[in-house]
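Chain residues, written in single-letter form:
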Amino acid sequence: MYTGYREVQASEAYELYQHPEDNILGLLANEYLIVKDENDNVVDIKKWDGYGYCGIDSSGVTSHFLGTLKARNLEQKLAIDMLRDPETKVKFIDGPAGSGKDVLMLSYAIHLLERGKFEKIVFVRNNIQVKDTNPIGYLPGSQDDKLRPYAMLLADHLGGIDALERMITSERLELCHLGLMRGRSIRNSLIYVSEGQNLSLDHLKMLITRVDDNSELWLNFDLAQFDMKIFETNSGVRQAIDRLKGNPLFGYVRLQKIERSAVAQLAGLLD
């Protein structure tokens, strides 16, 4: 499956530096190239932007809520550069639990929100509970009240429930039910989708067609955490990546390493 990047040895990339405007290695638009030496050390990173091989910007991302976030590994560097690209309007990040999908996306989303790039973040998630667990029953309250339990991942990164509430009250964050998105036209906003593995291709089509003037769609997912069989056998994100890769409006990076904590890395031993 396409990962958004590929690796080559420095000896294979020699002509790239002689003719950076020629797509000698046949990369797709917005695909990254990792150049390594004979000892497997990374010596350079390039991206084919459709016109030439260019460098990347993986410097730290700063926001009021989250402070300065820096990449912890190679793939996170690619993801930060991809999020920074103003020309890509649909951006996907995938990776295992704890690899940094939400913290990277949310850090840069808040960074752009604070600088006026977007008026608000529209948070969307297919409200499906974890497979093989029992429902807790009817949730009382308004739509926002019912959606808050699914938005707690935002609270974890924003500084707690109070910070989440302040963003909602100030209308800088809108919680949306996937089932109520049809027919909407979302302007000047960042549509932020978490747990995207639990989406069909029709769901993704609907979300993409919600993007109006000055808006973008950011989506993250983990292909090891399908919560309904239908999404595993007929994965919307897999089909979307296969059809959108190489489109100049689309960016995608797969993360590989769990970075949350040493304890979280133990999960990899259970595969």
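In short, a report on the structure. Not measured: the values here are computed from a predicted model.

A few words now on the environment of Gly116. Mapping Gly116 onto the fold places it in the loop between α3 (101-114) and β8 (120-125). On the accessibility criterion, Gly116 (56% relative accessible area) is exposed. Along the primary structure Gly116 and Asn188 are separated by 72 residues, whereas in three dimensions their C-alpha atoms are 9.6 Å apart.

This part takes up the packing of helix α2 (residues 74-84) against α3. The axes of two packed helices give the description: the angle between them and the distance between them. Following both chains from N to C, one finds α2 and α3 inclined at 30°, their axes separated by 10 Å at the closest point. Classified by the angle between their axes, α2 and α3 sit roughly parallel to one another. For the pair α2 and α3, the crossing hand works out as right-handed. Touching Gln76, Ala79, Ile80, Leu83 and Arg84 of α2 are Leu104, Met105 and Tyr108, all from α3.

Next up on the list: helix α6 (residues 161-169). Here α6 has its buried residues at Ala163, Leu164, Met167 and Ile168. Here the buried residues of α6 occupy an arc of 140° about the axis, which is enough to place them on one side. For α6, the exposed residues lying more than 90 degrees away from the buried face are Asp162, Arg166 and Thr169. Two residues or fewer past α6, Glu171 is found with a positive phi of approximately 65°.

Criteria and cut-off values
Residues numbered from 1 in each chain as written. Predicted model: local features only at pLDDT ≥ 70, side-chain atom pairs only at ≥ 80, totals over all residues. Heavy atoms only, no water. Helix = DSSP H or I, 4+ residues; strand = E, 2+ residues; numbered from the N terminus. Buried < 20%, exposed > 50% of the residue type's maximum accessible area, 1.4 Å probe, protein only. Axes fitted to C-alpha atoms, helices over the stretch in contact; angles between N-to-C directions. Parallel < 35°, antiparallel > 145°, perpendicular 65-115°, else oblique. Left-handed = near helix turned anticlockwise from the far one by under 90°. Contact = heavy atoms within 4.5 Å. Arc of directions from axis to C-beta.

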